[in-house]
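# An overview of the molecular structure
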Amino acid sequence: MRFVPLLGYVALSVAVFVRNGVPLADDRVIAWLVGGLLCTCVALRVDRWRRLLVDWLPLAAALTAYDVLRGTFGGHVPIHWRQQPWVDDHVFGVVPTVWLQQRLWDASHLHWWDYATVLTYLSYFLVTPVTLAVLWLRRPEIFRRFVILLVGLWFSALAFFTLTPSTPPWLAGGEGKIGPVTRLVGPVSAHLPFLDPSVLWERGVRLANDLAAFPSLHEAMTILLAVMLWPLAGRRWRVLLVLYPLAMAFSLVYTGEHYVVDLAGGGLLVAAVVAVERFVVRLRSTDGAELAHLGSPGRARALGTDDQPAVCAGAAHDWV
């Protein structure tokens, strides 16, 4: 009987997905996953269901705040468009997005690589949340660290989007600032009936920031996913963890969403966020070790305060 809710949830999900397509909007994906996790906990008799909302609500709140702030703060300072194509052109001799679309894109006929690149692009909206759900069940300590790094990544990127808004290739191409570029996600995803990007596009009008180009959060989150799963993966899976960010990078450039320099910026942002998180963890570990040392009986006797633990604890607190 305990499997009945899970089976019913899966059946209902399949029916909804067949009718409306797989949802891609962040809020709907998280709500769907939380419901699935609750049913899974019941089926497997996992007691952690009591922590479900406690663990996932902060993530949902942070994501909502990020979306709202990104749409609210975008475009209120001078917009940059020259730097990114200049760097790409000087590194590669051409603007890669323009070069790729001139050779691979045909608006009158979609090829397999058009579908593959757009599906890779859209996988961003599902792969990380689903991975978080699995980690919540199997490795909760990694889930918590992943959430912390994600929130740090979102709001670090938000600072760039707010202070240095920049034009993506599809917008620069449409304005004639670089060669012609088509934003491929829209016309290609229209031929993918099993996906439901409608809320995503509606949301894009209200909350998304078309000037949130540098650094690429798409590429940054893909790289962070590989970093988090690397210690858990075997050799074969590690190959996929390398290939996925590379495939995402190609997709982002070919579909007109980002310049190559945006992808490099996303990688550097991940490195910075991970470095800061590790520094904070080491700092807290050092402080905790020093507090434990100061509060130890041997240390208390050396200070002549073994019979005054409260005073010793207060002194340790003041020292920190």
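The structure this text deals with has already been given above.
Everything numeric in this text was worked out from a predicted model, so none of it was measured.

### Looking at the overall build of the chain
When you go through the chain residue by residue, the secondary structure sums to 15 helices and two strands. The buried share of the chain, taken over its 320 residues, is 41%. Within the chain, residue pairs in contact and separated by at least 24 positions form 82% of the contacts whose partners lie at least 6 positions apart. As displayed, the chain has an accessible area near 17300 Å², and 67% of this comes from carbon and sulfur atoms.

### Overview of the environment of Val274
In this structure, Val274 sits in helix α13 (residues 260-294). Separated by 126 residues in the primary sequence, Val274 and Ile148 have C-alpha atoms spaced 9.9 Å apart. Residues contacting Val274, with those up to four places away along its chain left out, are Arg145, Leu149 and Leu224.

### Details of the side chain of Thr222
With respect to the secondary-structure elements, Thr222 resides in helix α11 (residues 217-229). The exposure class assigned to Thr222 is buried, which follows from its relative accessible area of 4%. Beyond its immediate chain neighbours, meaning those up to four positions away, Thr222 contacts Tyr244, Pro245 and Met248.

### Topic: α11
With 13 residues, α11 extends 18 Å from end C-alpha to end C-alpha; this agrees with the ideal 18 Å at 1.5 Å per step. Of all 13 residues in α11, eleven are buried; the element is thus mostly enclosed. Buried residues of α11: Leu217, His218, Glu219, Ala220, Met221, Thr222, Leu224, Leu225, Ala226, Met228 and Leu229, and no others.

### Side note on the side chain of Thr128
Checked against the element boundaries, Thr128 lands in helix α6 (residues 112-138). In this structure Thr128 touches Phe146, Leu150, Met221 and Leu225, once residues within four positions along its chain are discounted.

### What to know about unusual backbone geometry
Residues Phe214 and Pro215 are joined by a peptide bond in cis, for which omega reads -5°. For Pro215, the location among the structural elements is in the loop between α10 (198-206) and α11.

### Comments concerning the packing of aromatic side chains
Within this structure, the stated rule accounts for nine aromatic pairs. Summarising the aromatic geometry, the rings of Trp56 and Phe143 are spaced 5.3 Å apart at their centres and angled 40° between planes, so their arrangement reads as tilted. One end of the pair, Trp56, is in helix α3 (residues 52-73); the other, Phe143, is in helix α7 (residues 140-163), with 87 residues separating them in the sequence. Each of the two residues, Trp56 as well as Phe143, counts as buried.

### Describing the state of the cysteines
In total, this model carries zero disulfides according to the counting rule given. With no disulfide partner, Cys39 has as its closest neighbouring cysteine sulfur the one in Cys41, 9.3 Å distant. In this structure Cys41 comes out as buried when scored by relative accessible area, which is 1%.

### Points about the nonpolar core
If you look at the biggest cluster of nonpolar residues, it comprises 63 residues, and the most contacted ones within it are Trp56, Leu153, Trp154, Leu217 and Leu224. For this core, the elements supplying multiple residues, two or more each, are α2 (26-44), α3, α6, α7, α9 (185-189), α11, α12 (235-254) and α13. Residue contacts for Leu153: discarding those within four places in its chain leaves Leu217, Ala220, Met221, Leu224, Leu269, Val270 and Val273. In terms of nonpolar packing, the next biggest core, distinct from the first, is built from eight residues, Val98, Ala172, Tyr259 and Val261 among them.

Rules used in this analysis
- Residues numbered from 1 in each chain as written.
- Predicted model: local features only at pLDDT ≥ 70, side-chain atom pairs only at ≥ 80, totals over all residues.
- Heavy atoms only, no water.
- Helix = DSSP H or I, 4+ residues; strand = E, 2+ residues; numbered from the N terminus.
- Buried < 20%, exposed > 50% of the residue type's maximum accessible area, 1.4 Å probe, protein only.
- Contact = heavy atoms within 4.5 Å.
- Areas by Shrake-Rupley, 256 points an atom, 1.4 Å probe, with all protein chains shown as cover.
- Expected span 1.5 Å × (residues − 1).
- Phe/Tyr/Trp six-rings, centres within 6.5 Å; stacked < 30°, edge-to-face > 60°.
- Disulfide = S-S within 2.5 Å.
- Core = buried A, V, L, I, M, F, W, Y, C linked by side-chain atoms within 4.5 Å.

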